[in-house]
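Spelled out from the first residue to the last, the chains are:
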Amino acid sequence: MACNLRQLGLAALLCVIASAAPSGGALLAARVQQALDPATSGEQLRRAAARYRELVKHWQPIARGGPLQAGDRNARVLQLRKLLELYGDYRGQPGPTAAPAGDSLRFDRALQTALEHFQRRHGLAPSGVAEGETLAALAVPPSERAEQMTLNAERWDRLSLPTESRYVLVNVPDYRLRLVEDNQVVLDMKTVVGKSSTRTPDMRSRITHIIFNPTWTVPRSILLTQLLPKARHNPAAMHRRGYRVIQYHSGATSPITTEGLARAAGGHATLRQVSGPGNTLGKVKFVTPNKRAIFLHDTQAKSLFSLQVRARSHGCVRLQHPEELAYALLAPQGWDRIEIAQAATGDQAHNVRIKPAPRLYIVYMTAWLDRDGRPQFRRDIYHRDKKTSPPAED
């Protein structure tokens, strides 16, 4: 393959292999999940929306107040219990049917479990404490959730996915990527998507190439707002981080100088970061031809994946475990994990074509029914549920 094992020492190679092994959160649990089918998802959402409209007759919001947590005992706890029971998250005390009902005013373990279930269904951290965003989600009436499901049913109706080949699906509000093969989800990982000011668009494309140890040519918007001021203030530091001036017309690169920065400011050049361990795109970039220059890539900012809300990028999609996706896409071509890890080591760029190139779908779904028939809701991070969604870009 692309690299020679003898180029690495034994210790370095062992570290590479260890870093390439699947880590928590990248692969699904032992239970294989079937991918959602757009052909049926829309109708399922409409039926669920009808049920939620019926719930309006019995829905009562929780009275205003502070957080609710285990050990509390008051009337608001009872309101929470009834609300979670209405939605099907609370199913009574565990154990035999003859078990005592307990104190309905006390926030007990059964109620905490039900609240954690509700939080997961709404894309919230399953803390078991009703505060902040959880109280806000509980305050949304069923009629509003029904409208959300109806709107998303239309989005699912417009989506057409392959059933007998592999594809990659990124759901922006869910902050997740899934690789599907023969209608089965074989890889599932967290993503970081665009901020509200630099939104990740709906898109249909293909993943045609993987670039290990990529360079990064800075987009003009980031150049003007972020990197030019830093380069002018401390050009030596930017040079140490691997940035060079690249001319648009000739493609020639040069060290950062006052003249070069002036040309970049005038629109005749930009900055490019060379390949290497400190590159902003990380070790792996997935090429996805499109008009908006959107692609998938690794990131240096690994701490972002510990956040619940991950709308933090400039529009491209950052991946929690990019080397796992690279392995899954290249394994049919004979690549193993050692070769993947080795290709991503050092500062030598490697461009590998994927055969055949899988389709990529970037979608915006804030509601769906999971495989257990449970409604799933996500925060409308781009405020698109109030208006018609734009068509996906090819």
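Refer to the preceding data block for the structure.
Residues numbered from 1 in each chain as written. Predicted model: local features only at pLDDT ≥ 70, side-chain atom pairs only at ≥ 80, totals over all residues. Heavy atoms only, no water.

Caption draft 1: Region of the structure containing the overall build of the protein. Scanning the protein from N- to C-terminus turns up 11 helices and 18 strands. Looking at the protein residue by residue over its 394 residues, the buried ones come to 47%. Once local pairs closer than 6 in sequence are excluded, the contacts in the protein between residues at least 24 apart make up 70%. Accessible area of the protein: about 19500 Å², with a carbon and sulfur share of 53%. (Helix = DSSP H or I, 4+ residues; strand = E, 2+ residues; numbered from the N terminus. Buried < 20%, exposed > 50% of the residue type's maximum accessible area, 1.4 Å probe, protein only. Contact = heavy atoms within 4.5 Å. Areas by Shrake-Rupley, 256 points an atom, 1.4 Å probe, with all protein chains shown as cover.)

Caption draft 2: View of the packing of aromatic side chains. Inspection of the entire model under this criterion finds seven aromatic pairs. Considering the side-chain rings of Trp216 and Tyr243, the 6.4 Å spacing of their centres and the 65 degrees angle between planes classify their relative orientation as edge-to-face. Of this pair, Trp216 sits in strand 7 (residues 216–217) while Tyr243 is found in strand 8 (residues 243–247), placing the two residues 27 residues apart along the sequence. One aromatic cluster in this structure is built from Tyr52, Tyr87, Phe118 and Phe377. One cation-aromatic arrangement involves Lys285 over Phe295; the distance from NZ or CZ to the ring centre is 4.4 Å. Sitting over the face of the ring of Tyr364, Arg384 holds its NZ or CZ atom 4.3 Å from the ring centroid. (Phe/Tyr/Trp six-rings, centres within 6.5 Å; stacked < 30°, edge-to-face > 60°. Lys NZ or Arg CZ within 6 Å of the ring centre and 35° of its normal.)

Caption draft 3: Quick look at helix 10 (residues 322–330). With eight of nine residues buried, helix 10 lies mostly within the body of the structure. Every buried residue of helix 10 is listed here: Pro322, Glu323, Glu324, Leu325, Ala326, Ala328, Leu329 and Leu330.

Caption draft 4: Inspection of helix 6 (residues 142–158) at higher detail. The end-to-end C-alpha distance of helix 6, which contains 17 residues, comes to 25 Å, matching closely the 24 Å that a straight helix rising 1.5 Å per residue would cover. Pro142, Arg145, Ala146, Gln148, Met149, Leu151, Asn152, Ala153, Arg155 and Trp156 are the residues of helix 6 that are buried. Against the buried residues of helix 6 lie helix 2 (38–55), helix 3 (75–87), helix 5 (133–138), strand 17 (367–369) and strand 18 (375–377). (Expected span 1.5 Å × (residues − 1).)

Caption draft 5: Just the nonpolar core, in detail. Counting 54 residues, the largest nonpolar core has Ile210, Phe212, Leu271, Phe286, Leu296 and Leu325 as its most contacted members. What Ile210 contacts, discounting residues up to four positions off in sequence, is Val284, Lys285, Phe286, Ala326, Leu329, Leu330, His350, Asn351, Val352 and Ile354. Counting residues in hydrophobic clusters, the runner-up holds 43 residues, among them Leu68, Ala137, Val180 and Met365. (Core = buried A, V, L, I, M, F, W, Y, C linked by side-chain atoms within 4.5 Å.)

Caption draft 6: Structural context of the pattern of salt bridges. On inspection of all chains with the given rule, the structure shows 19 salt bridges. Arg73 is paired through a salt bridge with Asp103; the nearest N and O atoms lie 2.5 Å apart. In this pair, Arg73 is assigned in the loop between helix 2 and helix 3 and Asp103 in the loop between helix 3 and helix 4 (109–121), connecting sequence segments 30 residues apart. Looking at Arg73, the relative accessible area reads 46%, which means it is partly exposed. Residue Glu116 pairs with Arg109 through a salt bridge whose shortest N-O separation is 3.8 Å. For Glu116, a relative accessible area of 12% corresponds to the buried category. Residues joined in a network through salt bridges with shared partners are Asp174, Arg176, Arg178, Asp188 and Arg378. (Salt bridge = Lys/Arg side-chain N within 4 Å of Asp/Glu carboxyl O.)

Caption draft 7: Region of the structure containing the packing of helix 3 against helix 4. At a closest axis distance of 10 Å, the pairing of helix 3 and helix 4 adopts a crossing angle of 55 degrees. One finds that helix 3 runs oblique with respect to helix 4. The crossing of helix 3 and helix 4 is left-handed. Contacts from Val77, Leu80, Arg81, Leu84 and Tyr87 of helix 3 reach helix 4 at Leu111, Ala114, Leu115, Phe118 and Arg121. (Axes fitted to C-alpha atoms, helices over the stretch in contact; angles between N-to-C directions. Parallel < 35°, antiparallel > 145°, perpendicular 65-115°, else oblique. Left-handed = near helix turned anticlockwise from the far one by under 90°.)

Caption draft 8: Region of interest: the side chain of Asn213. Relative to the helices and strands, Asn213 is located in the loop between strand 6 (209–212) and strand 7. Asn213 sits in the buried class, given a relative accessible area of 2%. A polar atom in the side chain of Asn213 sits 3.1 Å from the backbone oxygen of Ala343. Setting aside residues no more than four positions away along its own chain, Asn213 makes contact with Ser275, Lys283, Ala343, Ala344, Thr345, Gly346, Asp347, Gln348, Ala349 and His350. (Polar contact = N/O pair within 3.5 Å; in protein donor to acceptor, adjacent residues only side chain to side chain.)

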